[in-house]
Amino acid sequence: MLITYILALYSIFYPVKNISDPPLWGFYAHSLINRLAVYSLPNEMLGFFKQNIDYVTDNAVNPDQRRYAVVGEAPRHYIDLDDYPDSLKAVLPKMNWKQAVEKFTEDSLLAHGIVPWQIQRMKFQLTQAFMQRNQKDILRIATDLGHYIADSNVPLHTTRNYNGQLTNQLGIHGFWESRLPELYSKDYDLFIGKAEYESNIQERSWSSVLNANAALDSVLRFEKILSIKIEEDKKFTIEERNGQTIKTYSRNFSKEYHKMLDNQVERQMKASVKMISDIWFTAWVDAGQPDLSTFPKLEIDSKEEQEIMKSWLQRLLNVRKEADN
């Protein structure tokens, strides 16, 4: 599969050897979240998405791959709310993209992250794809949209201190987003019932980042408290992963931190699944509920796949490694 090959090549060019390195975060979590969102869709959508569920799952990390190759991709994954004064935080959710650009300029917005507006933009694109009955675009946009929605529900995607670099907690980004879900998500209850129509996408996209930001204090403070209690040599461990020897948080430290967070990671993953399913469903309804039952399973052209890989690698090798956002 293309994504497997990309991950293998990424590990060659950018091997992760230390928790302070920007992680290729959340591949497991993104895939699981997108996959579970499919099962909440109504029957009229479920058949089409189930027969293409491998695509939706395997390509869930594509936007993260593009961050290292596509100019302007990185800001779509986050918003640094602490860069805005409290007075503006109340105003921003009421602004569409055009209004925000007029007030702050596009360069300024991109400098601080645009994930709420990216969700709104991609919902519109998904609606258009449904209206045009474009199978490839439906799956591609829905898959990417799921990624950005999941990002918007992560507390560390709402702050300039995205990896604990400002509070001597370097590595906490991958710890919260990757290590904890990989260790504990098998015990999570992530089923959320049937998708529901969302009448206000702008409000929903901002609710996700504001709710995630409200949990940020716990994410940082609990790790600090636990780091004082547990000695450094017991906080970290050495593990083998994808042929690489890495330093990561120990299972005991992870267990205690996970317990202190009191199901926070589970709640945010569940919120992501719910939001993705709701917005996929809303885009389909807004497009007039087109019949998806006649669509065949998407077959990826092997020549097209190789061209995509060649193009991706050419761009990757000509750009610097970006910081994790």
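Now for a look at the structure at hand.

Conventions and cut-offs
- Residue positions are given per chain, counted from 1 along the sequence in the order it is written.
- The predicted nature of this model means local features are confined to residues of pLDDT at least 70 and side-chain atom pairs, given and counted, to a pLDDT of 80 or more, with totals for whole chains, interfaces and linings taken over all residues.
- Side-chain numbers here rest on the full set of heavy atoms in the structure, without hydrogens or water.
- The aromatic pairing rule takes the rings of Phe, Tyr and Trp, using the six-membered ring of Trp, and pairs them if the centres are within 6.5 Å, calling planes under 30 degrees apart stacked, those over 60 edge-to-face and the rest tilted.
- Numbered from the N terminus, helices here are DSSP runs of H or I no shorter than four residues, and strands are runs of E no shorter than two.
- We call a charge positioned above a ring when the Lys NZ or Arg CZ atom is no farther than 6 Å from the ring centre and deviates by at most 35 degrees from the ring normal.
- In this analysis, the protein atoms alone were mapped onto a 1 Å grid. Cavities are point sets where a 1.4 Å probe fits without being able to get out; pockets are open sets with protein on both sides within 12 Å along at least five of seven lines; lining residues have an atom within 4 Å of a point.
- Grid points are joined across faces, edges and corners, and a volume is the space filled by probe spheres set on the points.
- In this classification, Asp, Glu, Lys and Arg are treated as charged, Ala, Val, Leu, Ile, Met, Phe, Trp, Tyr, Cys and Pro as nonpolar, and every other residue, Gly included, as polar.
- N or O atoms closer than or at 3.5 Å make up a polar contact, with two conditions inside protein: a donor-capable atom paired with an acceptor-capable one, and, for residues adjacent in sequence, both atoms drawn from side chains.
- What counts as a salt bridge is simple: a side-chain nitrogen of Lys or Arg found within 4 Å of a carboxyl oxygen of Asp or Glu.
- Buried means the residue's accessible area, taken with a 1.4 Å probe over protein chains only, is under 20% of the maximum for its type, while exposed means over 50%, and partly exposed covers the values in between.

## Some points on the packing of aromatic side chains
Applying the stated criterion across every chain, the model contains 12 aromatic pairs. For the pair Trp 97 and Trp 117, a centre-to-centre distance of 5.6 Å together with 65 degrees between the ring planes defines the contact as edge-to-face. Note that Trp 97 is positioned in helix H7 (residues 97-104) and Trp 117 in helix H9 (residues 115-132), a separation of 20 residues in sequence. It is Arg 121 that lies over the ring of Trp 97; its NZ or CZ is 5.4 Å from the centre. Lys 247 extends its terminal NZ or CZ atom over the ring of Phe 236, reaching a point 4.5 Å from the ring centre.

## Thoughts on empty space enclosed by the protein
Counted by the stated rule, this structure contains one cavity of 30 Å³ or more. Looking at the largest cavity, its volume works out to about 120 Å³. What lines the largest cavity is a set of 14 residues, and nearest its centre among them are Ala 29, Ile 33, Val 154, Trp 176 and Met 269. Where the lining of the largest cavity is concerned, the elements lending two or more residues are helix H2 (27-38), helix H11 (172-184) and helix H16 (264-286). In terms of residue count, H16 provides more of the lining of the largest cavity than any other element does, four residues in total. Among the residues making up the lining of the largest cavity, the classes are represented as nine nonpolar, four polar and one charged.

## Observations regarding the side chain of Glu 198
When you line up the elements, Glu 198 lands in the loop between H11 and helix H12 (201-214). One polar contact links the side chain of Glu 198 to the main-chain amide nitrogen of Asn 200, over a distance of 2.9 Å.

## Let's talk about the environment of Asn 43
For Asn 43, the location among the structural elements is in helix H3 (residues 43-51). Sequence separation between Asn 43 and Ser 293 is 250 residues, and the spatial gap between their C-alpha atoms is 9.9 Å.

## Considerations on the pattern of salt bridges
Applying the stated criterion across every chain yields a total of 18 salt bridges. Here Glu 223 ties to Lys 235 by a salt bridge, and the two come within 2.8 Å at their closest N and O atoms. Placement of the pair is Glu 223 in helix H13 (residues 216-229) and Lys 235 in helix H14 (residues 232-235), with a sequence separation of 12 residues. Each member of the pair, Glu 223 as well as Lys 235, is classed as buried. With its nearest N and O atoms 3.8 Å apart, the salt bridge here joins Glu 256 to Lys 259. Here Glu 256 pairs with Lys 259, and both are found in helix H15 (residues 251-261), just three residues apart, close to one helical turn. By relative accessible area, which is 53% here, Lys 259 ends up exposed. Salt bridges here are not isolated pairs; linked through shared partners, they connect Glu 196, Glu 198, Arg 204, Lys 274 and Asp 278.

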